[in-house]
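Remarks on the overall topology
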Amino acid sequence: MPATPAIEARRLVKRFGATTAVDAISFAVEAGSVVALLGGNGAGKTTTIGMIMGLTRPSEGEVRVLGTDMARDRYRALGRMNFESPYVDMPHRLTVRQNLRVFGQLYAVARVERRIEALAEDLALTAFLDRPAGSLSAGQKTRVALAKALINDPEVLLLDEPTASLDPDTADWVRGRLEAFRRARGATILLASHNMAEVERLCGRVLMLKQGRIVDDGSPHELIARYGRTSLEEVFLDVARAPAEGGGQ
Amino acid sequence: MTPPGGFSPGRVGALVRRYLYLMRSSWPRLAELVYWPAVQMLTWGFLQTYIRGQAGASGVSGAMAVAGGTLIGSLLLWDTLFRSQLGFSVSFMEEMWSRNIANLLISPLRPIEFVAALMTMSLIRLAIGLVPVTGLAFWFFGFNLWGLGLALVGFFLNLVLTSWAIGLAVSGLVLRNGLGAEGLAWSVLFFVMPFACVYYPVAALPAWLQTIAWSLPPTYVFEGLRAAVVGHQLRADLMAEALAINLVLMALGGAAFLKLLDSARKAGSLLSMGE
């Protein structure tokens, strides 16, 4: 009997008035895998992630996370997952330690102070644990947001452009930490990104979205071979410039 | 690690801790809680002293004496209503201002726990703001709010319940419509004020407005206050009627909050809140 997917979307639709942002997409993400939602602006990546978290209500279809129907019973799953996005902040006036303490308590993390120390060491936060979150640089804020996303040691981690606005060195460092976390925890990661280097490095599978539909699905190497290109960026451009209904070559 | 469970006092405590950290981080925020109630109480207190003096000197009794005798009490109870609502709504809006709302809504925090934390903060902010001011009222003008005894319990309970019902509806509207609706938090109670008969009896209103006035729980409280201060009567009947209306308002406020939260989920606006 096949294992339950960590994330499963079935004919997921989201309409905003007359606009269909996500158009009947279905996919399953195996436990322990890293999968990217890759697409241009308005492709439906963030809306899809919002529906997976239960933050956005689908117009049609169903989302299951760790076997839980998110429309009916999302609180069963929310404690086992987490999310990070540069577009969602943490309270600026609270120190990093205070923020992590609050989220640790919200997620009922046992021995939260020890967990904070471990995350601080792992993500190099120790030097600014007692500084207000609002006083940090973009790179430091991303590391703090990542610490918040890892505070409950999630089985499912959702990331929306996790390295946006970071310099290449910091972005590379963050990717390294994500890889290390996935290996150590066996966690499932679903990542929305525009960043081809990030997707190629982290993800075993890519779902290519365009105008709310999955237009292709495969590993970065498979996609590059399928489109006869040399990089994922070229594949992305092919998909972005092809007519809406077109998928493959 | 996280049992699904139901209501969690731990999660309520986490959110209360977050607001207390915030309060502690900024002395102007703390000072602001006391500043306006104190300034208003002093202004109205001196006015009350003046009216009383004039009424006494000219031998006037009745309406002037009633007005002169209840100004400070009315003001303190009005501030209880206003500050409690503000404490609820502002704590909620802190999440919008800091763009933290999505982090909370994807955590295991239930709406009922969120609301319980906001209610707790409303009481804490109210205590910080008003307890010192009641002391000032006694010191400057000899008005002892605590001397109202059992009546004060009824007044306080009813005003706080009304403030929470309004806070729930306002927070729901901000959740659904974004920070464009935040002005409601400061203004909505001032719309209620003329009909709640804070500083004058219900009889001062035209007959058709009296019907509206009696649909508002604060009206019962301010009538009760006048009965207690002027007539030395405890009007338990007024408090019971106010409580009955408040229970309906709380149910409506809670339903509105949940409905508007659901509507925000449908609109897909929660991920971009505060931007």
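Here the structure is a predicted model, which means the values were calculated and not measured. (Residues numbered from 1 in each chain as written. Chains lettered and ligands numbered in written order. Predicted model: local features only at pLDDT ≥ 70, side-chain atom pairs only at ≥ 80, totals over all residues.)

1. Some remarks on the sheet that holds strand S2 (residues 19–29) of chain A
Residue and element names in this part refer to chain A. An order of S2-S1-S4-S5 is seen for the 4 strands of this open sheet, with the pairing classed as antiparallel. The open sheet is flanked by S2 and strand S5 (68–69), the only strands paired with a single partner. The pairing of strand S4 (residues 60–65) with S5 spans 2 bridges and is classified as antiparallel. Across the sheet, the residue bridging to Val 65 is Thr 68, located in S5. (Pairing = 2+ DSSP bridges. Helix = DSSP H or I, 4+ residues; strand = E, 2+ residues; numbered from the N terminus.)

2. Quick look at the environment of Leu 104 of chain B
All names here are of chain B. Here Leu 104 is to be found in helix H4 (residues 101–105). Here the alpha-carbon distance between Leu 104 and Phe 114, two residues 10 residues apart in the chain, equals 8.8 Å. Setting aside residues up to four positions removed in sequence, Leu 104 forms contacts with Glu 95, Leu 109 and Phe 114. (Contact = placed C-beta atoms within 7 Å.)

3. Details of the sheet that holds strand S9 (residues 205–210) of chain A
Residue and element names in this part refer to chain A. One open sheet holds the 6 strands; their spatial order is S6-S7-S8-S3-S9-S10, and the pairing between them is mixed. The open sheet has two edge strands, strand S6 (81–84) and strand S10 (213–218), and neither has a second partner. The mean inter-strand angle of the sheet, taken between neighbouring strand axes irrespective of direction, is 15 degrees. Inspection of the sheet shows strand S7 (residues 156–160) paired to strand S8 (residues 188–193) by 5 bridges, in the parallel sense. Along S8, the bridge assignment pairs Val 156 with Thr 188. (Axes fitted to C-alpha atoms, helices over the stretch in contact; angles between N-to-C directions.)

4. Considering the pairing of S4 of chain A
Residues and elements named next belong to chain A. Where strand S1 (residues 7–16) and S4 come together, 5 bridges link them in antiparallel fashion. The partner of Val 13 across the bridge, within S4, is Glu 60. Taking the residues that link successive antiparallel strands as the turn, the S4-S5 hairpin has 2 residues, and the phi of Leu 66 there is positive, at about 50 degrees.

5. Remarks on the confidence of the model for chain B
Per-residue pLDDT for chain B averages 90, and the proportion of residues at 70 or more is 92%. Per the prediction output, this complex has pTM 0.91; the corresponding ipTM is 0.92. (pLDDT = per-residue confidence, 0-100.)

6. Considering the interface of chain B and chain A
Tallying the contact residues gives 29 residues for chain B and 31 residues for chain A. Secondary structure elements with two or more residues in the side of chain B that touches chain A: helix H1 (9–24), H4 and helix H10 (236–267) of chain B. Here the element with the most residues in the side of chain B that touches chain A is H1 of chain B; it accounts for 8 residues. Partitioned by chemical class, the residues of the side of chain B that touches chain A number 12 nonpolar, 10 polar and 7 charged. (Nonpolar A, V, L, I, M, F, W, Y, C, P; charged D, E, K, R; others polar.)

7. Let's talk about the domain arrangement of chain A
All names here are of chain A. According to the domain assignment, chain A contains domain 1 (1–80 + 156–249) and domain 2 (87–153). Contacts between the two partners involve 11 residues from domain 1, matched on the other side by 13 residues from domain 2. Mapped onto the side of domain 1 that touches domain 2, the elements with two or more residues apiece are S7 and helix H6 (168–185). In terms of residue count, the dominant contributor to the side of domain 1 that touches domain 2 is H6 (5 residues). Among the residues making up the side of domain 1 that touches domain 2, the classes are represented as 4 nonpolar, 3 polar and 4 charged. (Domains from an automatic or database assignment.)

8. Details of helix H6 (residues 150–177) of chain B
Residues and elements named next belong to chain B. Its 28 residues give H6 an end-to-end C-alpha distance of 41 Å, which sits within 8% of 40 Å, the value for a rise of 1.5 Å per residue. Counting buried residues in H6 gives 24 out of 28 residues, a clear majority hidden from the surface. Looking one or two residues beyond H6, the residue adopting positive phi is Gly 178, at roughly 80 degrees. (Expected span 1.5 Å × (residues − 1). Buried ≥ 20, exposed ≤ 12 C-beta atoms within 10 Å, placed from the backbone.)

9. Focus: the packing of helix H3 (residues 96–106) of chain A against helix H5 (residues 138–150) of chain A
All names here are of chain A. Direction vectors running N to C along H3 and H5 enclose 20 degrees, while the axes themselves pass 9 Å from each other. Classed by the angle they form, the pair H3 and H5 counts as roughly parallel. Where H3 crosses over H5, the two elements pack in a sense that is right-handed. Together, Val 96, Asn 99, Leu 100 and Phe 103 of H3 and Val 144, Ala 147 and Lys 148 of H5 make up the contact between the two elements. A per-class count over the contact of H3 with H5 returns 5 nonpolar, 1 polar and 1 charged. (Parallel < 35°, antiparallel > 145°, perpendicular 65-115°, else oblique. Left-handed = near helix turned anticlockwise from the far one by under 90°.)

10. Description of the pairing of S7 of chain A
All names here are of chain A. The buried count for S7 comes to 5 of 5 residues, which makes it a mostly enclosed element. The alternating pattern of S7 places Val 156, Leu 158 and Asp 160 and Leu 157 and Leu 159 on opposite faces, both of which are buried. Bridging between S6 and S7 involves 4 bridges; their strand directions are parallel. Bridge assignment links Met 81 to a residue of S7, and that residue is Val 156.

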